[in-house]
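# Residue-level structure breakdown
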Amino acid sequence: MNEAVKVYSNAIFQLGIEEHQLDAIHQDLKSCADIFNAEPEFLTILSSPIVSNKEKISLLQTAFEGNCNNLVYNFMCLLVEKHRINIISEIQKDFTTQYNKYNNIVQAEVITCIPLSEELRNKIVEKLCKITNKKVSIVETVDKSILGGVVVKYDNTIIDDSVKTKFAELSKQLHKH
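What you see is a predicted model; the values in this text were computed from it and never measured.

Calculation criteria
Residue positions are given per chain, counting from 1 as you read along its sequence in written order. Where totals are concerned, whole chains, interfaces and linings use all residues; where local detail is concerned, this predicted model gives features only for residues with pLDDT of at least 70, and gives and counts side-chain atom pairs only at 80 or more. Neither water nor hydrogens contribute to the side-chain values; these are computed over all heavy atoms in the structure. Strands are runs of DSSP state E lasting at least two residues, helices are runs of H or I lasting at least four, and both sets are numbered from the N terminus onward. The globule rule is 2.2 Å times the number of residues to the power 0.38, and the radius of gyration it is compared with is taken over C-alpha atoms. Throughout, a residue-residue contact means that at least one pair of heavy atoms, one from each residue, lies within 4.5 Å. Working definition: with a 1.4 Å probe on protein chains only, accessible area under 20% of the residue-type maximum means buried, over 50% means exposed, and in between means partly exposed. The arc in question is the one traced by the directions running from the helix axis out to the C-beta atoms. Residues belong to a common nonpolar core when they are buried Ala, Val, Leu, Ile, Met, Phe, Trp, Tyr or Cys residues joined through side-chain atoms within 4.5 Å. Under this scheme, a helix contributes an axis fitted over its contacting stretch, all axes are lines through C-alpha atoms, and angles between N-to-C directions fall in the 0 to 180 degree range. Orientation labels follow simple angle bins: below 35 degrees gives roughly parallel, above 145 gives roughly antiparallel, 65 to 115 gives roughly perpendicular, and whatever is left gives oblique. Residues are sorted three ways: Asp, Glu, Lys and Arg are charged, Ala, Val, Leu, Ile, Met, Phe, Trp, Tyr, Cys and Pro are nonpolar, and all the rest, Gly among them, are polar. A strand pair is defined by DSSP finding two or more bridges across the two strands.

## Observations regarding the overall build of the protein chain
Helix and strand counts for the protein chain stand at eight helices and four strands. Listing the helices and strands of the protein chain from first to last along the sequence gives α-α-α-α-α-α-β-α-β-β-β-α. Here the C-alpha atoms of the protein chain give a radius of gyration of 21 Å, more than 25% beyond the 16 Å that 2.2 N^0.38 yields for 177 residues. Taking the principal axes of its C-alpha atoms as reference, the protein chain extends roughly 70 × 35 × 30 Å. In the protein chain, once contacts between residues fewer than 6 apart in sequence are set aside, the share between residues at least 24 apart is 65%.

## Regarding unusual backbone geometry
The phi dihedral of His20 falls on the positive side, at around 55°, and the residue is not glycine. Mapping His20 onto the fold places it in the loop between α1 (3-18) and α2 (22-38). For Asn133, which is not a glycine, the phi torsion comes out positive at approximately 55°. Within the secondary structure, Asn133 sits in the loop between α7 (118-132) and β2 (135-142).

## Remarks on helix α3 (residues 40-47)
Looking at α3, one finds that the buried residues are Phe42, Leu43 and Leu46. Buried residues in α3, looked at end-on, bunch into an arc of 95°, giving them a common side.

## Some remarks on the environment of Cys129
Mapped onto the fold, Cys129 is located in helix α7. Taking the C-alpha atoms as reference, Cys129 lies 9.3 Å from Ile105; in sequence the two are 24 residues apart. Those residues within four positions of Cys129 in sequence are excluded, and the remaining contacts are Lys134, Lys135 and Val136.

## Brief notes about the nonpolar core
Core analysis: the biggest nonpolar cluster contains 32 residues, and Phe36, Leu60, Phe64, Met76, Ile85 and Ile88 have the highest contact counts within it. Here this core takes eight residues from helix α5 (residues 70-81), the largest share from any one element. Residue contacts for Ile85: discarding those within four places in its chain leaves Phe36, Leu43, Leu46, Ser47, Met76, Leu79 and Val80.

## Re the packing of α1 against α2
At their nearest, the axes of α1 and α2 sit 7 Å apart, and the two run at 140° to each other. Taken together, the axes of α1 and α2 lie oblique to each other. Residues Ile12, Phe13, Gly16 and Ile17 of α1 lie in contact with α2, whose contacting residues are Leu22, Ile25 and Leu29. Per-class residue counts for the contact of α1 with α2 are six nonpolar, one polar and no charged.

## Structural notes on the pairing of strand β3 (residues 149-154)
In the sheet, strand β1 (residues 105-112) pairs with β3 via five bridges, with the strands oriented antiparallel. By the bridge assignment for β3, Ile111 is matched with Val151. Relative to strand β4 (residues 157-162), β3 runs antiparallel, the two sharing six bridges. Note that in β4 the partner of Tyr154 across the bridge is Thr157.

In structure tokens:
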């Protein structure tokens, strides 16, 4: 990981703790990073050496001032001034890692071939809470190639109960005999 990512992530994280705004910063930093990921041209303009910092700050002001936490807005202005706005997504990911650790939250990726129902989502979260003894935040991914079942990834653990894997295991056993 880039050292600058760690430095900036730690700085905004500590500021969030000191100002009792950790949850708001977490939410708004994620929203801002999502916007930059969805609109890479915006990030390109903010990273461009051709565009003046004054113009970049004006663009940030138009897009974000009053629409996100003031600490996050000022943090993005600082990143623009220091020519580091291009690492906002990595900063947000590292911040989320720190946030989750601080709040005893495990992030789990749940992969299914169709979107989860609310009932199944709740059951998976409940089961993972019992397994990990932590709060669980899930990110859902739909991957039709698993054919059915579910794959759950968290920390360094993978629980693969997909039809695709079961077929592969069955195929191996049939080829052995």
